[in-house]
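As a plain string of letters, each chain reads:
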Amino acid sequence: MDNSWTQDNLESLQSHILSEEQKHPGATGEFTWIVSAISLATKAIGNKVRCARIQDVIGDVGSINVQGESQQKLDIIANTIIMHCLGNRDNVGVLASEENETPVLLRSRAEGGRYAVLFDPLDGSSNLDVSVGVGTIFSVLRLEDGGSREEAILQPGFKQVAAGYVLYGSSTVLVLTTGNGVDMFVLDQAIGSFVLVSKKLKIPSGNKTYSTNEAYTEKYSEEIRNYLSWAHKNGYSSRYIGSMVADVHRVLLKGGVFLYPTTTDNPEGKLRLMYEANPMAMIIEQAGGKGVCCGERILDVVPSGLHQRTSVILGSTDQVDAILEHTK
Ligand code: AHG
Ligand code: MN
Ligand code: MN
């Protein structure tokens, strides 16, 4: 699909979601309501990110979040914006954030709360002060009957009804899947809309590029170290930005593989299952790629905690399989 819009092919995020909903018999349009809240929130977050050194929003707040990591001012601002924009959508029952220890229980299913939205409000925030791409990652689950609403969100990733991210990079890009392929939108600042630029994205195969923080090589398992030395001898190149959204977005568009394996420091892995690995794995699988952790499909992992961590290997099937061949 040609990436530029003209007067006769302009399609916004809203119009695209609505047209997609028409294809689902019995669609109620309530999902559009959630996507529009995500669109509004991420436009506002993007504005704050782009004003980072103009407004006093750079730096950390001196507090430690539930992850044991120092919180950046923009982590808090982004979290507050999303909580506000999604909180007033009356079909959202639960909001769960990387920045909040426990989920925010807004309304029961009986009161109309049929969806849970889980999110990493600002991913890669340690890169903010050097103007490197950062992003927002979101995952949408349907709230099923029974159980406390905290337990209700501990669903395996294959249950997600939608997943996506917004990358605040050289352009502001929204990538979204509702289980029927991956679509990409770019924020056209002139009209204030996310405009559709690519539909049904497919991750290219054959790109011999891996993305990992090689400073940890000595802390990786022997199998991962074997893969890396094999890759060094087989013409691979390396790209690593240190913001998962930016690294995964490059893998989605160009192929290759992103891996954040377990290390001796982080034996469970560093990245969070529910609002980093799962949404990204849904996107990558919907684009024809593969997402695994410790040999298992990421989307099959049954979670035991909102903030549980996992190893992550995400990429084109051929490149993920090249790693699996070394980690049998
Ligand atoms: P967050 O900013 O939400 O805490 O996420 C940071 C994550 C992820 O974006 C990135 O892939 C990873 O941290 C980078 O970790 P290292 O600095 O250890 O490479
Ligand atoms: Mn993150
Ligand atoms: Mn974050």
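The paragraphs below set out a description of the structure included in this document. If you're wondering where the values come from, they're calculated on a predicted model, not measured in any experiment. (Residues numbered from 1 in each chain as written. Chains lettered and ligands numbered in written order. Predicted model: local features only at pLDDT ≥ 70, side-chain atom pairs only at ≥ 80, totals over all residues. Heavy atoms only, no water.)

1. Quick look at the coordination of the manganese ion (ligand 3)
Six octahedral donors around a metal ideally make angles of 90 or 180 degrees; four tetrahedral donors ideally make 109.5 degrees. Looking at the metal site, the manganese ion (ligand 3) is ligated by Glu 98 (OE), Asp 120 (OD) and Leu 122 (O), spaced 2.1 to 2.2 Å from it. In primary-sequence terms, the residues that donate to the manganese ion (ligand 3) follow E-x21-D-x1-L. Here the manganese ion (ligand 3) and the manganese ion (ligand 2) are spaced 3.7 Å apart, with Asp 120 acting as a shared donor. With Glu 98 in the loop between β3 (92-97) and β4 (104-105) and Leu 122 in strand β5 (residues 115-123), this pair connects stretches of sequence that are 24 residues apart. (Donors = N, O, S within 2.8 Å, 3.2 Å for Na, K, Ca; no water. Helix = DSSP H or I, 4+ residues; strand = E, 2+ residues; numbered from the N terminus.)

2. Re the site of ligand 1
Looking at ligand 1, there are 19 residues lining it, with Asp 123, Gly 124, Tyr 216, Tyr 240 and Tyr 260 nearest. The backbone of Gly 124 places a nitrogen or oxygen atom 2.7 Å from an oxygen atom of ligand 1. Protein coverage of the free-state accessible area of ligand 1, which is 470 Å², stands at 87%. Elements supplying a minimum of two residues to the shell around ligand 1: β5, β13 (257-260) and β14 (271-272). Considering each element in turn, the shell around ligand 1 owes the most residues, three residues, to β5. (Near = heavy atom within 4 Å. Polar contact = N/O pair within 3.5 Å; in protein donor to acceptor, adjacent residues only side chain to side chain. Areas by Shrake-Rupley, 256 points an atom, 1.4 Å probe, with all protein chains shown as cover.)

3. A short note on the coordination of the manganese ion (ligand 2)
Looking at the manganese ion (ligand 2), one finds its protein donor set to be Asp 120 (OD), Asp 123 (OD) and Glu 276 (OE), positioned 1.9 to 2.1 Å from the metal centre. Positions of the donor residues of the manganese ion (ligand 2) along the chain correspond to the pattern D-x2-D-x152-E.

4. Quick notes on the packing of aromatic side chains
Aromatic rings considered in pairs are described by the distance between their centres and by the relative angle of their planes. Under the definition given, this model contains six aromatic pairs. Where Tyr 227 meets Trp 230, the ring centres are 6.0 Å apart and the plane angle is 35°; that geometry is what we call tilted. One end of the pair is Tyr 227 and the other is Trp 230, both in helix α5 (residues 222-233) and three residues apart, which spans about a single turn. Three or more aromatic residues link up through ring pairs in this structure, and these residues are Tyr 210, Tyr 227, Trp 230 and Tyr 236. The ring of Trp 33 is capped by Arg 89, whose NZ or CZ atom sits 3.9 Å from the centre of that ring. (Phe/Tyr/Trp six-rings, centres within 6.5 Å; stacked < 30°, edge-to-face > 60°. Lys NZ or Arg CZ within 6 Å of the ring centre and 35° of its normal.)

5. Focus on empty space enclosed by the protein
A probe matching the size of a water molecule, rolled over the atoms, marks out where space remains unfilled. Inspection of the entire model under this criterion finds one cavity of 30 Å³ or more. Considered as a void within the structure, the largest cavity measures approximately 50 Å³ in volume. In terms of lining residues, the largest cavity is bounded by Ile 38, Ala 41, Thr 42, Ile 82, Leu 86, Val 117, Phe 119, Thr 136 and Phe 138. Listing elements by their share of the lining of the largest cavity, those giving two or more residues are α2 (30-50), α3 (73-87), β5 and β6 (134-142). Residue contributions to the lining of the largest cavity peak at three residues, all from α2. (1 Å grid on protein atoms, 1.4 Å probe; cavity = no way out; pocket = protein on both sides within 12 Å on 5 of 7 lines; lining within 4 Å. Points joined across faces, edges and corners; volume = space filled by probe spheres on them.)

6. Brief notes about the pattern of salt bridges
By the definition in use, this model includes ten salt bridges. Note that Arg 297 is salt-bridged to Glu 285, the shortest N-O span being 2.7 Å. Taken as a pair, Arg 297 in strand β16 (residues 296-297) and Glu 285 in helix α7 (residues 273-286) lie far apart in primary sequence, twelve residues in all. The partner of Arg 297 in a salt bridge is Asp 300, and the shortest N-O contact between them spans 2.9 Å. By relative accessible area, Arg 297 is classed as partly exposed at 32%. Linked through salt bridges whose partners overlap, the residues forming this network are Glu 69, Glu 98, Arg 272, Glu 276 and Arg 309. (Salt bridge = Lys/Arg side-chain N within 4 Å of Asp/Glu carboxyl O. Buried < 20%, exposed > 50% of the residue type's maximum accessible area, 1.4 Å probe, protein only.)

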